[in-house]
Structure formats: structure tokens, C-alpha cells
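Tertiary structure, described
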Amino acid sequence: MLKHLSFVLAYIKYRFNCINKYGIHSPYFFNWAQIILYDCNPYPVYETIKKTRRNLIHSKQTINVTDFGTGTSHTKTKKVSSIAKRAAKPHKYGALLFKMAAFHKPQCMIELGTSLGLSAAYQALARPKASVTTLEGCPQTALIASQTFEQLQIKNIKIITGNFDQTFEQVLTQQPKVDWIFFDGNHTYEATMRYFKQALPYVHAKTVFVFDDINWSTGMKQAWLEIKNHSSVKATVDVFALGIVFFEDAFSKQHFVLKY
Ligand SMILES: C[S@@+](CC[C@H](N)C(=O)[O-])C[C@H]1O[C@@H](n2cnc3c(N)ncnc32)[C@H](O)[C@@H]1O
């Protein structure tokens, strides 16, 4: 109850603080917002992914889910439909990932937290020639994700199954370069900071990090604050549900809370 109230208050604060493109003084971020946040084109892939989401929401299947998200790792039976409703990022943010990936043109993309594969689909379809490596701890969830990719005929995603604590470092070292990471699993302060610091040695000026649920809990808010203030971070964009991080040296340290 208290957590819910704090989330609502965080949203009200965001709505008061957020600005639209006309409040952005930086020409780069004005253009970024114009091209990404204000792009309402109904790209055909949106409809394809929405159809897959609808199928998952209407699925009658149940699976044994190994749940890492709470910091423990126990198994329970869950309906695929409820995972599709609760765990997957809504279309609005999938579309944002799609538009950002299309704009930044990353070649080597990593996602922490595949779930049923919906967010990975937006990212991979934005960059069909790039490689997307998505990490998922639960084998049965990863299996559904692989079916999602097959149905969508996506060929450029590789799923790595296992606890991020074991798989992430290996995936980082295997990439020729790290252009993009979407952090969407294990939303605790401790894990978020650990994965952020683990990935930092691999960033270059054009790398983009996207953090999910930056306002989800006190721990995530604290993690986002520390990430924003980290000396390697040159600019950030906060759209409430997601926080986007840039490392371009040419940017003077700047943080934007943007309406989306
Ligand atoms: C919020 S869901 C991802 C949703 C997905 N990105 C989407 O929007 O379609 C987070 C996923 O991360 C996985 N996960 C969480 N902590 C993990 C860990 N420590 N190791 C491996 N997988 C983990 C969970 O099993 C869950 O499927």
C-alpha cells in the first residue's frame, strides 16, 4: 500500500517536472526528442508485435517459472497470459525502444530480462542487421520467448539462459563492442548498480544504456540517482518508466525529465 502510494507520488512529481521539446535547450536533445518521442508513425512491426502480445495474453498455457526477480530463485506455476500482462513492457515503451534503437543504430545489443520476448522483438526488429543477445534466467520462459521469435521470424536474437550473475560478464566479453544495453530484470538497488558497474568498462562514446522501472521502488530511485551522478555518465533522459543514459564526451553533464 505504502509502496503503491510512493509510486503514485513519484508519478505526480514526474508530471509536474517533465518538460516537452520546447523546454530543451540542447539542440541534440531537442532533435532526439523530436525524432523519437514525437514520432507517432504506426510502423507495421507494431501491429505484428501487438498481435503476438494478444496471442500470449489469450494463451491457456501454464509454465514453471523460476523467479529471479525477487532476489530469490524459486519455482512456481504461472499462466503465460499473466506474465504477458504483467512482466512485458507495454506497447508504448516497446515502441520507444524501437524508435531509440532505429535512431542510435546500435550493432551489438544486449538485454537483461527476456521474459516472453516482447521487448527484445521491438529492439531486434528496429535493427534487423544488428545482433541482439537477450538474457533470461527461467528456462521455460526462455522457451516461450524463442517461440515468439520464431513466430515473428526474427533471426538476429540469441537467448542466453541462466542467472545474470553468471551469464552477463561472459556475454559482455564475447561482444565485439557494446553499443546498447536494456536493463530489465532484477530490479533491486544492489543488482542494478552491480550490472551498471559491470558493464561500464565496455562502454564507448556512442553506447546507450536503458534502465527499466527507475521509479519502481526506493531502491530503484536511489540506483537511478547514483547512475545519473556517476562520472562516466554524460547525459540522461527520464521518461518515468525508463531512464536512458548517454556517455558522449561532447555532452556537458545534463539531465532531462521529458514528457512521453
Ligand atoms: C520484467 S521481465 C522482462 C520483460 C521483458 N523485457 C519485456 O518487456 O518483454 C524480467 C525478466 O528477468 C528475469 N530475471 C530477473 N532476474 C534475473 C536474474 N538474476 N537472472 C536471470 N534472469 C533474471 C525474470 O525471469 C524475468 O523474466
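Described in the following lines is the structure provided in the data block. (Residues numbered from 1 in each chain as written. Predicted model: local features only at pLDDT ≥ 70, side-chain atom pairs only at ≥ 80, totals over all residues. Heavy atoms only, no water.)

1. Side note on the overall build of the protein
Helix and strand content of the protein: 10 helices and 10 strands. Radius of gyration (C-alpha) of the protein: 18 Å, near the 18 Å computed for a compact globule of 260 residues. By its C-alpha atoms, the protein is 50 × 45 × 35 Å across when sized along the principal axes. Nonlocal contacts in the protein, meaning residues at least 24 apart in sequence, comprise 68% of its contacts between residues at least 6 apart. Carbon and sulfur atoms make up 57% of the accessible area of the protein, which amounts to about 12,600 Å² in all. The distance from the centre of the 31 positive side-chain charges to the centre of the 17 negative ones in the protein is 7 Å. (Helix = DSSP H or I, 4+ residues; strand = E, 2+ residues; numbered from the N terminus. Rg over C-alpha atoms; globule rule 2.2 N^0.38 Å. Contact = heavy atoms within 4.5 Å. Areas by Shrake-Rupley, 256 points an atom, 1.4 Å probe, with all protein chains shown as cover. Lys, Arg positive; Asp, Glu negative; His and termini not counted. Charge placed at Lys NZ, Arg CZ, Asp CG, Glu CD.)

2. Some thoughts on helix H6 (residues 118–126)
For H6, the buried fraction is high: 8 of the 9 residues fall into the buried class. Looking only at H6, the buried set comprises Leu118, Ser119, Ala120, Ala121, Tyr122, Gln123, Ala124 and Ala126. (Buried < 20%, exposed > 50% of the residue type's maximum accessible area, 1.4 Å probe, protein only.)

3. Considering the nonpolar core
Of all hydrophobic cores here, the largest spans 58 residues; its most connected members are Trp32 and Val239. Of all the elements, helix H5 (residues 91–104) adds the most residues to this core, at 7 residues. With near-sequence residues (within four places) excluded, Trp32 lies in contact with Leu37, Met100, Phe103, His104, Val237, Ile244, Phe246 and Leu258. Judged by nonpolar contacts, the second largest core, of 25 residues, contains Tyr195, Ala199, Ile227 and Val233. (Core = buried A, V, L, I, M, F, W, Y, C linked by side-chain atoms within 4.5 Å.)

4. Side note on the packing of helix H3 (residues 44–57) against H6
Across the interface, H3 lies against H6 with an axial gap of 11 Å and an inter-helix angle of 165 degrees. Between H3 and H6, the interaxial angle falls into the category roughly antiparallel. Relative to H6, the crossing made by H3 is right-handed. Across the interface between the two elements, Val45, Tyr46, Ile49, Thr52, Arg53 and Leu56 of H3 pack against Leu118, Ala121, Tyr122 and Leu125 of H6. Here the residues of the contact of H3 with H6 are counted per class, giving 8 nonpolar, 1 polar and 1 charged. (Axes fitted to C-alpha atoms, helices over the stretch in contact; angles between N-to-C directions. Parallel < 35°, antiparallel > 145°, perpendicular 65-115°, else oblique. Left-handed = near helix turned anticlockwise from the far one by under 90°. Nonpolar A, V, L, I, M, F, W, Y, C, P; charged D, E, K, R; others polar.)

5. Some points on the packing of helix H2 (residues 27–37) against H5
Interaxial distance between H2 and H5 falls to 9 Å at its minimum, and their mutual angle equals 130 degrees. Between H2 and H5, the crossing angle belongs to the class labelled oblique. Handedness of the crossing formed by H2 with H5: right-handed. Between H2, through Tyr28, Trp32, Ile35, Ile36 and Leu37, and H5, the contact on the second element is made entirely by Leu96, Lys99, Met100, Phe103 and His104. Grouping the constituent residues of the contact of H2 with H5 by class yields 8 nonpolar, 1 polar and 1 charged.

6. Focus on a nonpolar patch on the surface
Taken together, Leu2, Leu5, Val8, Leu9, Ile12 and Phe16 make up a surface patch of nonpolar side chains, about 640 Å² in accessible area. Residue position: Leu2 is located in helix H1 (residues 2–17). (Patch = residues over 30% accessible without salt bridge, like charges linked within 9 Å, V, L, I, M, F, W, Y side chains within 5 Å. Salt bridge = Lys/Arg side-chain N within 4 Å of Asp/Glu carboxyl O.)

7. Some points on the site of the ligand
Among the 20 residues in the neighbourhood of the ligand, the closest are listed as Lys89, Gly113, Ser119, Glu136 and Asp184. A distance of 3.1 Å is found between a nitrogen atom of the ligand and a side-chain nitrogen or oxygen belonging to Asn163. In isolation the ligand offers 610 Å² of accessible surface; the protein chains occlude 91% of this area. (Near = heavy atom within 4 Å. Polar contact = N/O pair within 3.5 Å; in protein donor to acceptor, adjacent residues only side chain to side chain.)

8. Focus: the environment of Ala101
Inspection of the secondary structure puts Ala101 in helix H5. Judged by relative accessible area, which is 0%, Ala101 ranks as buried. With 26 residues separating them in the primary sequence, Ala101 and Arg127 have C-alpha atoms 6.8 Å apart.

Any functional reading would require information that these geometric values do not contain.
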